[in-house]
Amino acid sequence: MKDRFNRKIDYLRVSITDRCNLRCIYCMPAEGVRPIEHRDILRYEEMVRIVRIAAGYGITNVRLTGGEPLVRKGLPTLIKAVREIDGIKSISLTTNGVLLKGYAHILSSSGLDRINISLDSLRPDRYREITRGGSIAEVWQGIEEAEKAGLNPIKINVVPIKGFNDDEIIPFAQLTIEKPYHVRFIEFMPIGPKDIWERGKCIPCARIKSIVQGIGRLEPVKGKKAGPAVYYRLEGARGLIGFISPISNHFCSECNRIRLTADGKLRPCLFSDEEIDLKTAMQNGASDEDIGRILEGAVFSKPKGHGLDKRRFEVVRPMSRIGG
Ligand code: SAM
Ligand code: SF4
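Reading guide: rules and limits
- Residues numbered from 1 in each chain as written.
- Chains lettered and ligands numbered in written order.
- Predicted model: local features only at pLDDT ≥ 70, side-chain atom pairs only at ≥ 80, totals over all residues.
- Heavy atoms only, no water.
- Phe/Tyr/Trp six-rings, centres within 6.5 Å; stacked < 30°, edge-to-face > 60°.
- Helix = DSSP H or I, 4+ residues; strand = E, 2+ residues; numbered from the N terminus.
- Buried < 20%, exposed > 50% of the residue type's maximum accessible area, 1.4 Å probe, protein only.
- Lys NZ or Arg CZ within 6 Å of the ring centre and 35° of its normal.
- Near = heavy atom within 4 Å.
- Polar contact = N/O pair within 3.5 Å; in protein donor to acceptor, adjacent residues only side chain to side chain.
- Nonpolar A, V, L, I, M, F, W, Y, C, P; charged D, E, K, R; others polar.
- Axes fitted to C-alpha atoms, helices over the stretch in contact; angles between N-to-C directions.
- Parallel < 35°, antiparallel > 145°, perpendicular 65-115°, else oblique.
- Left-handed = near helix turned anticlockwise from the far one by under 90°.
- Contact = heavy atoms within 4.5 Å.

Chemist: Please explain the packing of aromatic side chains as it appears in this structure.
Modeler: Two descriptors summarise a pair of aromatic rings, namely the distance from one centre to the other and the angle between the planes of the rings. Counted under the stated rule, the structure contains three aromatic pairs. A centroid spacing of 6.1 Å and a plane angle of 70° characterise the contact between Tyr26 and Phe188, whose relative ring orientation is edge-to-face. Here the residue Tyr26 occupies a position in the loop between β1 (11-17) and α1 (44-56), and Phe188 occupies one in the loop between β6 (182-186) and α7 (205-213), the gap between them amounting to 162 residues. On the numbers, 5.8 Å between centres and 65° between planes, the contact of Tyr232 with Phe243 is edge-to-face. Placement of the pair is Tyr232 in strand β8 (residues 230-234) and Phe243 in strand β9 (residues 240-244), with a sequence separation of 11 residues. Pair check on accessibility: Tyr232 and Phe243 agree, each one buried. Arg4 extends its terminal NZ or CZ atom over the ring of Phe300, reaching a point 5.4 Å from the ring centre. Above the face of the Phe164 ring, Arg126 is positioned so that its terminal group lies 6.0 Å from the ring centre.

Below is the structure:
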């Protein structure tokens, strides 16, 4: 599928649940957000049907996310079913990693290709604070299991926030020296609880990069351009360092994705609250062709860019409900 701006859309992010076992301070309020009613959440069969139809329209990569995808039962069954769809080349998962230890092998044997783990601090006390109660020991156990299960490369997503965890940019970068992980720094985005985000707390990737350059030369990794990250390697390091800059250098012109929320809404752009209700169409008996047309419509309505440099973003749907 091509959109109005000639972008090829081949990537679908599927949020399989809005529930989460953590309450990260930049993503959710302490009390959580009102959960979507169970009856409004797409069943796995409905998700598989949408992915199958989307594959017929050129979707080749699927990412499963949430909320926390590992809190929804039966995830391996969903992965197996998506794996069997003709045309799907890659299945990946974004998780906080807390439940990964018991899951990594079965996820891998079910057909999962890759995993992204969100980790915003290497310090147990700070991790507990940022996630409001999470145990970093469990995340490390999960990462080790994922490595053993062959889920390579392990990508670790870090959101540096000024005055909170920016003193850990160097330790995170150093992690790539010994470990073959891809540590990706992501700019703090104006989405989530309203009282948390401030422009001054978002550290532009150029600044993060210059901090990392304080410990060594960064060699660009040529030919590695899948998605929005720009990759480098510290001299002699086993792993890579990626920079994802949705705010300072937004990559909208290269955007290749649409999102499906757990309650069956297609979201053409992360930063736009425009949504297309696929679930209701399905409940009303939409045929595969009808669903295909709705998918094409969602792709057609993708905006040219998020325009965050010119406007203030007021989030309606929380990140845990969109599927980050
Ligand atoms: N629970 C899973 C996890 O944390 O990996 C998947 C869902 S979570 C919403 C997906 C990603 O969104 C996480 O990597 C998280 O750091 C990121 N995220 C949430 N709010 C964000 C914000 N305001 N700015 C940047 N990233 C954010
Ligand atoms: Fe949960 Fe992920 Fe949001 Fe943290 S970032 S509260 S783990 S959905």
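Don't stop here, the text continues.
Chemist: Explain the site of ligand 1 to me, please; I cannot follow it from the model alone.
Modeler: In the vicinity of ligand 1 there are 16 residues, among which Tyr26, Gly67, Ser118, Met189 and Ile191 approach most closely. In this structure, Gly67 approaches ligand 1 through a main-chain N or O atom, which is 3.0 Å from a nitrogen atom. For ligand 1, an oxygen atom lies 3.2 Å from a polar atom in the backbone of Thr95. Within the residue set of the shell around ligand 1, elements represented by two or more residues are β2 (61-66) and β3 (90-95). Within the shell around ligand 1, the residues separate by chemical class into six nonpolar, eight polar and two charged.

Chemist: Explain the packing of α1 against helix α2 (residues 75-83) to me, please; I cannot follow it from the model alone.
Modeler: In a pair of packed helices, the angle between the axes and the distance between the axes together describe the arrangement. Across the interface, α1 lies against α2 with an axial gap of 10 Å and an inter-helix angle of 25°. As the angle between them shows, α1 and α2 are arranged roughly parallel. The two elements α1 and α2 cross, and the hand of that crossing is right-handed. Contacts from Tyr44, Met47, Val48 and Val51 in α1 reach Leu75, Leu78, Ala81 and Val82 in α2.

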